Amino acid sequence: MGGIGKAMTRNLVLSGRLDEPLIIYNRTRSRAEEHSASIGHSTVAATIEDAVSCSDIIWSCLQDDEAVEFSFAQILRVDVTGKLFVDSSSVTPEVTDRIAQRILKAGGNLSLCRVFMGEPSMAEKRLLTCIAAGAPGSVDRIRPFVVGVVGRALIDLSGEEPGKASLLKLMGNVLIMNTMETVAELNVFAEKCGVGVQSMKKLLDQVFPNTPHSIYNHRMLSGGYYRDTPIVEVSKALKLTAHVLELAKSSGASVKGYEAAVDHLKVVEDQAGEDADITGIYGAVRLESGLPFKNETQ
Ligand SMILES: NC(=O)c1ccc[n+]([C@@H]2O[C@H](COP(=O)([O-])OP(=O)(O)OC[C@H]3O[C@@H](n4cnc5c(N)ncnc54)[C@H](OP(=O)(O)O)[C@@H]3O)[C@@H](O)[C@H]2O)c1
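Owing to the predicted nature of the structure, the values given are computational and were not obtained by experimental measurement.

Caption draft 1: Looking closely at helix 14 (residues 281-288). Summarising burial for helix 14: six of the eight residues are buried, a large majority. The complete set of buried residues in helix 14 reads Ile-281, Tyr-282, Gly-283, Ala-284, Val-285 and Arg-286. Downstream of helix 14 by one or two residues, Gly-290 has phi in the positive range, about 85°.

In structure tokens:
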């Protein structure tokens, strides 16, 4: 029941045409109960085993490798024959493939539905881009619950190993971090050279309307990067960026723009703590340019 899990389950209940109530499980049960009461047409399972036993499709959206490994160790104590697992957690391709093998061996199937370009406000508006991989039949089974229900687009990697969806999602992280880095640098440059951030906003809004550029720009200029609930906490992002850098290194790819963004994330953690938002990259670029980390709200 993080920001993405909450938005996805709400949209599944609202538009998934579910015959039966959605069964929700969360490690911290009170969060599941509160959320279930708010979305309706859902029940809360007491244990993960209970949730899995009485479901055909089990959709998970967990924090990281550790949470996924821990949860699937519990899940696989249950008979999973014929059950379809859909995982939207951002985890490494290695963990994905390892879990997929274990599910397959136990008689179930895993389809990946990685969430990309999905900060919680986009998830709420069904603007997620989802990347699906796994056996073609498994991807077809989840298709009715993706486009127009939890997201706006499905990048279909049917027939590919589940880990491929994780790889593409990791590379999507490069796109996102580089976008934040670009917007942060442009705003600081505009402020330093006298053009001003409001003129820069006009340019960005014209060239990239309704894109992540404008969402990140709003968080930067409004001061949301140090005031609002984080899109993603910097400590979580840094775990993921370490995987991406390893992947780039092992495949011989040069990702210098991404490395700059990662260095700025480290500055954000030093300056504002591990729970600071990743759009704090703006504050890091400001510091590097002789400006205070926090802007005056504009
Ligand atoms: N936020 C974004 O912008 C964004 C965008 C794209 C993809 N994603 C990915 O989507 C996934 C979910 O993200 P999110 O922002 O919704 O929430 P999140 O904070 O990353 O994950 C929260 C969920 O993971 C559970 N959890 C954490 N550690 C656990 C453990 N050791 N054992 C069992 N459960 C554990 C939490 O349970 P409790 O409630 O008990 O803590 C909660 O249900 C992540 O992999 C994230 O990287 C996020």
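Okay, back to it.
Caption draft 2: Representation of the domain arrangement of the chain. By the assigned domains, the chain splits into domain 1 (3-160) and domain 2 (168-288). Distance between the C-alpha centres of domain 1 and domain 2: 28 Å. Opposite the 16 residues of domain 1 that make contact, domain 2 presents 14 residues. The junction of domain 1 with domain 2 conceals about 1200 Å² of combined surface from both sides, 78% of it contributed by carbon and sulfur atoms. Here domain 1 is connected to domain 2 by two residue pairs in polar contact (both at pLDDT 80 or more). Elements with a contribution of two residues or more to the side of domain 1 that touches domain 2: strand 5 (109-116), helix 6 (120-124) and strand 7 (151-158).

Caption draft 3: Quick look at the pattern of salt bridges. Considering all chains together, one arrives at 12 salt bridges under this definition. Salt-bridge contacts for Arg-143 lead to Asp-156; the nearest nitrogen and oxygen are separated by 3.1 Å. Pair noted here: Arg-143 is in the loop between helix 7 (136-142) and strand 7 and Asp-156 is in strand 7, with a separation of 13 residues, a long-range link. A residue is classified by how much of its surface remains accessible, and Asp-156, at 35% relative accessible area, is partly exposed. Two residues, Glu-191 and Arg-286, come together in a salt bridge whose shortest N-O distance is 2.9 Å.

Caption draft 4: Fine view of the pairing of strand 7. Pairing geometry for strand 6 (residues 128-134) and strand 7, over seven bridges, is parallel. Within strand 7, the position partnered with Gly-134 by the bridge is Ser-158. Since strand 6 and strand 7 lie parallel, the crossover through helix 7 that links them has a hand, and here it is right-handed.

Caption draft 5: Representation of unusual backbone geometry in the model. With a phi close to 50°, Arg-17 is a non-glycine residue in the positive phi region. Locating Arg-17 in the fold gives a position in the loop between helix 1 (3-15) and strand 1 (22-24). Under the relative-accessibility criterion, Arg-17 is labelled exposed at 79%. Phi angles above zero are rare outside glycine, and His-41 is one such case at about 35°. Tracing the backbone through its elements, the reader meets His-41 in the loop between helix 2 (29-39) and strand 2 (42-44). Of the residues examined, His-41 reaches a relative accessible area of 39% and is grouped as partly exposed.

Calculation criteria
Residues numbered from 1 in each chain as written. Predicted model: local features only at pLDDT ≥ 70, side-chain atom pairs only at ≥ 80, totals over all residues. Heavy atoms only, no water. Buried < 20%, exposed > 50% of the residue type's maximum accessible area, 1.4 Å probe, protein only. Helix = DSSP H or I, 4+ residues; strand = E, 2+ residues; numbered from the N terminus. Domains from an automatic or database assignment. Contact = heavy atoms within 4.5 Å. Buried area = accessible area lost by both parts, 1.4 Å probe. Polar contact = N/O pair within 3.5 Å; in protein donor to acceptor, adjacent residues only side chain to side chain. Salt bridge = Lys/Arg side-chain N within 4 Å of Asp/Glu carboxyl O. Pairing = 2+ DSSP bridges. Right-handed = clockwise from strand over helix to strand, strands pointing away.

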